[in-house]
Amino acid sequence: MGATRNVLPDREVLGELIRELDTAAPYDLVDVCEEWLGRWLGARWSTLLLADYSQTVLEPVPGRGAGAPSGGRYAVRDGAAGASYREQRVVREPDGGGAGHDLMLCVPVTIRTECLGVLVVGLPAQTEDSVADVLVDVATVLAHVLAGARRYTDRFEALRRRKDLGLAAEIQWELLPVLAYELPVFSIAGALEPTYEIGGDTFDYAVSASRLTISITDAVGHGLRAALLGSLAVAAMRNTRRGGGEILAQAAAANQHLHEQFPGPSFVTGQLLEIDVFEGSALVINAGHPTPLLLRDGAVVPVPLVPDLPFGLYSDTVYRTQRFTLRHGDRLLLTTDGITEAHFAGGSAFGVDRVAELLTAQAHHSPTEFVRQLTAAVLEFRNGELSDDATAVCLDWH
Ligand SMILES: [Mn+2]
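Computed from a predicted model, the values in this text were never measured in an experiment.

Visitor: Explain the side chain of Asp-396 here, please?
Guide: You can see Asp-396 is positioned in strand 17 (residues 390-397). Among the polar contacts made by the side chain of Asp-396, one reaches the side chain of Arg-331 at a distance of 2.6 Å. Sequence-distant contacts of Asp-396, defined by excluding residues within four places in its chain, comprise Val-185, Phe-186, Ser-187, Asp-330, Arg-331 and Pro-367.

Quick look at the structure:
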């Protein structure tokens, strides 16, 4: 016989879980995990919750087991699972949601700082505290398996949709990098609204040994055509970057391909940044895009940038790089005009001042939570109906 209940397994047995998950069919991943948790940790039940696209609901992944006794979906804004998701920490509930005398542990399923969902596990009340450490490892393994599974199954993507995703949004979501990432030197996170209908906005970043490259773009118009413009811009920049080209070459490629494929008054505004990770010095190209805001020593200042023309208007546009330097403790916020210019017909806009106020008032939040709150504030300002995409990318320099 194997381990008895409540005997902490050697972490080597995680290897068994990895092998079982690696060979399981996508429909069995949750059951494989649940069986392992029962076998090694004495778990009575477990449920994997996935966050929907708008990060308002945690949706259970159906499995063969009964799952959490409370069943159903959980709200991100409250409850133990919601707190675990928002605050990215293990949350303990002494009484597992009405399940007799079980202990319930909620563990964020996270890749670096991008939170995909929460693993909720019901355990006997006398379970050792150190079991939580094993569950954190299990949740990390699950997060990587889920991220990889996107390449061969629609199962988890489909569960994350509370309603139909627009075709333009389908293109844009495929294009996005991991929404939040961090290393000792920086943390970055981005958010987009309206999550189910985004069309023209997108962002991208890439980390190399010496550089962090970031782009944020906003394609003119809405819907499918804007998504095609935006995806061509990002693909042109990525293709050049992966071929070793610097941001001037990336900007030139975006401009050239947009101009060739979408002649006439189609364009994409954008900002491209290349930051030296050792020095914090940044080169920036500003293609007719709203100025970034910098929170430094408690005060918000715009980064002074001269605008060049948007990408795609003229074949002979020459872009210039401008410079600024990030310091320890800085928070940089990149946005599209859908954030600051959100307004009702005849009403005042959300405005830079409101964004600046939020930057100072919510400086204690992580970049992930800050962009979630900022885009939620813009959505609320418009009573839940945006007329333009609203995108925010937040970078903390440590
Ligand atoms: Mn816009």
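There's plenty left to go through after this.
Visitor: Quick question: what am I supposed to make of the nonpolar core here?
Guide: A general tendency of soluble globular proteins is for nonpolar side chains to be buried together. If you look at the biggest cluster of nonpolar residues, it comprises 40 residues, and the most contacted ones within it are Trp-36, Leu-37, Leu-41, Val-109, Leu-123, Leu-135 and Val-138. For this core, the secondary structure elements donating two or more residues are helix 1 (14-23), helix 2 (29-41), strand 1 (45-51), strand 5 (103-111), strand 6 (114-123), helix 4 (131-149) and helix 5 (155-159). Per-element tally for this core: the top contributor is helix 4, with 12 residues. Once residues lying within four places of it in the same chain are set aside, the contact partners of Trp-36 are Val-13, Leu-14, Glu-16, Leu-17, Leu-41, Val-134 and Val-138.

Visitor: Explain the coordination of the manganese ion to me, please; I cannot follow it from the model alone.
Guide: Each pair of donors in an ideal four-coordinate tetrahedral metal site encloses 109.5 degrees, whereas pairs in an ideal six-coordinate octahedral site enclose 90 or 180 degrees. Summarising the metal site, the manganese ion is bound by the protein donors Asp-218 (OD), Asp-337 (OD) and Asp-388 (OD), whose distances to it range over 2.2 to 2.3 Å. We note that the donor set of the manganese ion lies within a single chain, spaced as D-x118-D-x50-D. Placement of Asp-337 in helix 9 (residues 337-340) and of Asp-388 in the loop between helix 11 (367-381) and strand 17 is noted, with a sequence separation of 51 residues between them. When its relative accessible area of 21% is taken as the criterion, Asp-337 is described as partly exposed. Asp-388 sits in the partly exposed class, given a relative accessible area of 22%.

Visitor: Explain the sheet that holds strand 5 to me, please; I cannot follow it from the model alone.
Guide: By way of backbone hydrogen bonds, the strands of a sheet pair with one another, either parallel or antiparallel. Spatially, the 6 strands line up as an open sheet ordered 3-2-1-6-5-4, and their pairing is antiparallel. Each edge of the open sheet is held by one strand with a lone partner, namely strand 3 (74-75) and strand 4 (91-93). Strand direction decides the pairing type here: strand 1 and strand 6, joined by 6 bridges, are antiparallel. Note on strand 6: the bridge partner recorded for Trp-45 is Gly-122. Contacts between helix 2 and the sheet are confined to strand 1 and strand 6, with strand 1 contributing the most and set at about 140 degrees to the helix. Here helix 4 sits on the sheet in contact with strand 1, strand 5 and strand 6, set at roughly 40 degrees to strand 5.

Visitor: Please explain the pattern of salt bridges as it appears in this structure.
Guide: Once the charged atoms of two side chains with opposite charge are near each other, the side chains can pair. Following the criterion strictly, the structure yields 22 salt bridges and no others. Three or more residues are tied together by salt bridges with common partners; here these are Asp-28, Asp-31, Glu-35 and Arg-64.

Visitor: Teacher, can you tell me more about the domain arrangement of the chain here?
Guide: Put simply, an interface is often sized by how much accessible area is lost when its parts join up. In terms of domain boundaries, the chain breaks down into domain 1 (11-159) and domain 2 (167-397). On a C-alpha basis, the centroid separation for the pair domain 1 and domain 2 is 33 Å. Counting residues at the interface gives 12 residues for domain 1, matched by 13 residues for domain 2. For the domain 1 face of the interface with domain 2, the top three residues by lost area are Tyr-53, Arg-112 and Thr-113, together amounting to 46%. Ionic pairing is found between Glu-174 and Arg-150, a salt bridge with its closest N-O pair at 3.4 Å. Our count for the contact surface shared by domain 1 and domain 2 stands at 8 residue pairs in polar contact (both at pLDDT 80 or more). Here the side of domain 1 that touches domain 2 is built from residues that sort into 3 nonpolar, 4 polar and 5 charged.

Visitor: Even after reading the chapter, I still don't get the pairing of strand 6, so can you show me in this structure?
Guide: Among the 10 residues of strand 6, 10 are classified as buried, and the element is accordingly described as predominantly covered. Sheet topology places strand 5 next to strand 6; 9 bridges connect them, and they run antiparallel. Bridge pairing links Leu-103 to Leu-123 in strand 6. The antiparallel pairing of strand 5 with strand 6 creates a hairpin that spans 2 residues between the two strands, and Arg-112 there sits at a positive phi of about 50 degrees.

Visitor: Sorry if this is basic, but what is going on with the sheet that holds strand 8 (residues 186-193) here?
Guide: On the basis of which strands lie adjacent, the open sheet formed by 6 strands has the order 7-8-17-16-13-14 and antiparallel pairing. Taken across any chain shown, the strands that pair with only one partner, and hence form the sheet edges, are strand 7 (180-183) and strand 14 (299-302). Neighbour-to-neighbour, the strand axes of this sheet turn through a mean angle of 15 degrees, independent of strand direction. Note: strand 13 (residues 293-296) against strand 16 (residues 331-335), 3 bridges, orientation antiparallel. Across the sheet, the residue bridging to Leu-293 is Leu-333, located in strand 16. Contacts from helix 10 (residues 351-361) reach strand 13, strand 14 and strand 16 within the one sheet, and its direction differs from that of strand 13 by about 30 degrees.

Visitor: Can you walk me through the packing of aromatic side chains in this structure?
Guide: How two aromatic rings sit relative to each other is given by the distance of their centres and the angle of their planes. Going through the model one piece at a time under the given rule, you end up with 6 aromatic pairs. Ring plane angle 40 degrees and centroid distance 6.5 Å describe the contact between Tyr-181 and Phe-186, whose orientation is recorded as tilted. An angle of 10 degrees between the planes, with centres 6.2 Å apart, marks the rings of Phe-186 and Trp-397 as stacked. One end of the pair, Phe-186, is in strand 8; the other, Trp-397, is in strand 17, with 211 residues separating them in the sequence. Of the two residues examined, Phe-186 and Trp-397, each falls in the buried class. Counting every residue linked through ring pairs, the aromatic cluster contains Tyr-53, Trp-173 and Tyr-196.

Reading the values: the criteria
Residues numbered from 1 in each chain as written. Predicted model: local features only at pLDDT ≥ 70, side-chain atom pairs only at ≥ 80, totals over all residues. Heavy atoms only, no water. Helix = DSSP H or I, 4+ residues; strand = E, 2+ residues; numbered from the N terminus. Polar contact = N/O pair within 3.5 Å; in protein donor to acceptor, adjacent residues only side chain to side chain. Contact = heavy atoms within 4.5 Å. Core = buried A, V, L, I, M, F, W, Y, C linked by side-chain atoms within 4.5 Å. Buried < 20%, exposed > 50% of the residue type's maximum accessible area, 1.4 Å probe, protein only. Donors = N, O, S within 2.8 Å, 3.2 Å for Na, K, Ca; no water. Pairing = 2+ DSSP bridges. Axes fitted to C-alpha atoms, helices over the stretch in contact; angles between N-to-C directions. Salt bridge = Lys/Arg side-chain N within 4 Å of Asp/Glu carboxyl O. Domains from an automatic or database assignment. Buried area = accessible area lost by both parts, 1.4 Å probe. Nonpolar A, V, L, I, M, F, W, Y, C, P; charged D, E, K, R; others polar. Phe/Tyr/Trp six-rings, centres within 6.5 Å; stacked < 30°, edge-to-face > 60°.

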